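The primary structure of each chain is shown beneath.
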Amino acid sequence: VSVSMFDNNFSLGKCFKKLEANGILEEFLRCATVPYPTESADWNKHLYTTLYFLQLCTRILLQRFQKGKPCGDTLQAILDGKDGAKSGTSSKVMKRLQAIASASIMRASDAAEHEHGSCL
């Protein structure tokens, strides 16, 4: 069942904007660091999938995960060990969070290059 069957005006961008405005997206990042028992395979699968798709959302990375933005600052604090679970976080989750941070930096760099022209 697709979302479009329920609401033709659905926008992933609007959804993430609303989640960020309410602090839910930041809390999701924090919750992702909480260790889950291996018997929670379904939760882990959904968590990894959600983080993977978040990494692919260029507009969201550019608009929501930059330094000075709530999600960007929360993500960096998690990676710096200043936020989120203090121990037991899955290495797979941390690698995915690092990939999101790297992708947001790369996307910002690409956007700046296209905006100001390439140096090449």
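Described in the following lines is the structure provided in the data block. (Residues numbered from 1 in each chain as written. Predicted model: local features only at pLDDT ≥ 70, side-chain atom pairs only at ≥ 80, totals over all residues. Heavy atoms only, no water.)

**Re the layout of surface pockets**
Looking at the largest pocket, its volume works out to about 180 Å³. Looking at the largest pocket, the residues that line it are Phe 65, Gln 66, Lys 67, Gly 72, Asp 73, Leu 75, Gln 76, Leu 79, Ala 101, Ser 104 and Ile 105. Elements with a contribution of two residues or more to the lining of the largest pocket: α5 (70-79) and α6 (91-116). Ranked by residue count, the leading element in the lining of the largest pocket is α5, at five residues. (1 Å grid on protein atoms, 1.4 Å probe; cavity = no way out; pocket = protein on both sides within 12 Å on 5 of 7 lines; lining within 4 Å. Points joined across faces, edges and corners; volume = space filled by probe spheres on them. Helix = DSSP H or I, 4+ residues; strand = E, 2+ residues; numbered from the N terminus.)

**Some remarks on the side chain of Thr 74**
Structurally, Thr 74 can be placed in helix α5. Within the structure, the side chain of Thr 74 is placed 2.9 Å from the backbone oxygen of Pro 70, a separation counted as a polar contact. (Polar contact = N/O pair within 3.5 Å; in protein donor to acceptor, adjacent residues only side chain to side chain.)

**Focus on α5**
Structural remark: α-helix, 3.6 residues per turn; residues separated by three or four positions point the same way. For α5, the full list of buried residues reads Cys 71, Gly 72, Thr 74, Leu 75, Ala 77 and Ile 78. The positive-phi residue at the C-terminal boundary of α5 is Gly 81, with phi of around 80 degrees. (Buried < 20%, exposed > 50% of the residue type's maximum accessible area, 1.4 Å probe, protein only.)

**Considerations on a nonpolar patch on the surface**
There is a patch of nonpolar side chains on the surface, built from Val 34, Tyr 36 and Trp 43 and spanning about 240 Å² of accessible area. Secondary-structure assignment places Trp 43 in helix α3 (residues 41-56). (Patch = residues over 30% accessible without salt bridge, like charges linked within 9 Å, V, L, I, M, F, W, Y side chains within 5 Å. Areas by Shrake-Rupley, 256 points an atom, 1.4 Å probe, with all protein chains shown as cover. Salt bridge = Lys/Arg side-chain N within 4 Å of Asp/Glu carboxyl O.)

**Let's talk about the pattern of salt bridges**
Applying the stated criterion to the full structure yields two salt bridges. Between Arg 30 and Glu 27 there is a salt bridge; the shortest N-O distance is 2.7 Å. Placement of both Arg 30 and Glu 27 in helix α2 (residues 24-32) is noted, with a separation of three residues, approximately one turn of the helix. Take Arg 30: its relative accessible area is 22%, and that puts it in the partly exposed class. Between Arg 30 and Asp 83 there is a salt bridge, and its shortest N-O distance comes to 3.0 Å. Of the two residues, Arg 30 sits in helix α2 while Asp 83 sits in the loop between α5 and α6, which places them 53 residues apart along the sequence. One salt-bridge network, in which partners are shared between bridges, spans Glu 27, Arg 30 and Asp 83.

**Looking at the nonpolar core**
Counting 21 residues, the largest nonpolar core has Leu 51, Phe 65, Leu 75, Val 93, Leu 97 and Ile 100 as its most contacted members. Of all elements in the fold, only α2, α3, α4 (58-64), α5 and α6 reach the threshold of two or more residues within this core. Sort the elements by how many residues they give to this core and α6 lands first, with six residues. In this view, Leu 97 contacts Leu 29, Thr 33, Leu 51, Leu 75, Ile 78 and Leu 79; residues no more than four positions away in its chain are not counted. (Core = buried A, V, L, I, M, F, W, Y, C linked by side-chain atoms within 4.5 Å. Contact = heavy atoms within 4.5 Å.)

Honestly, that's just the spatial picture; any functional story needs more than this.
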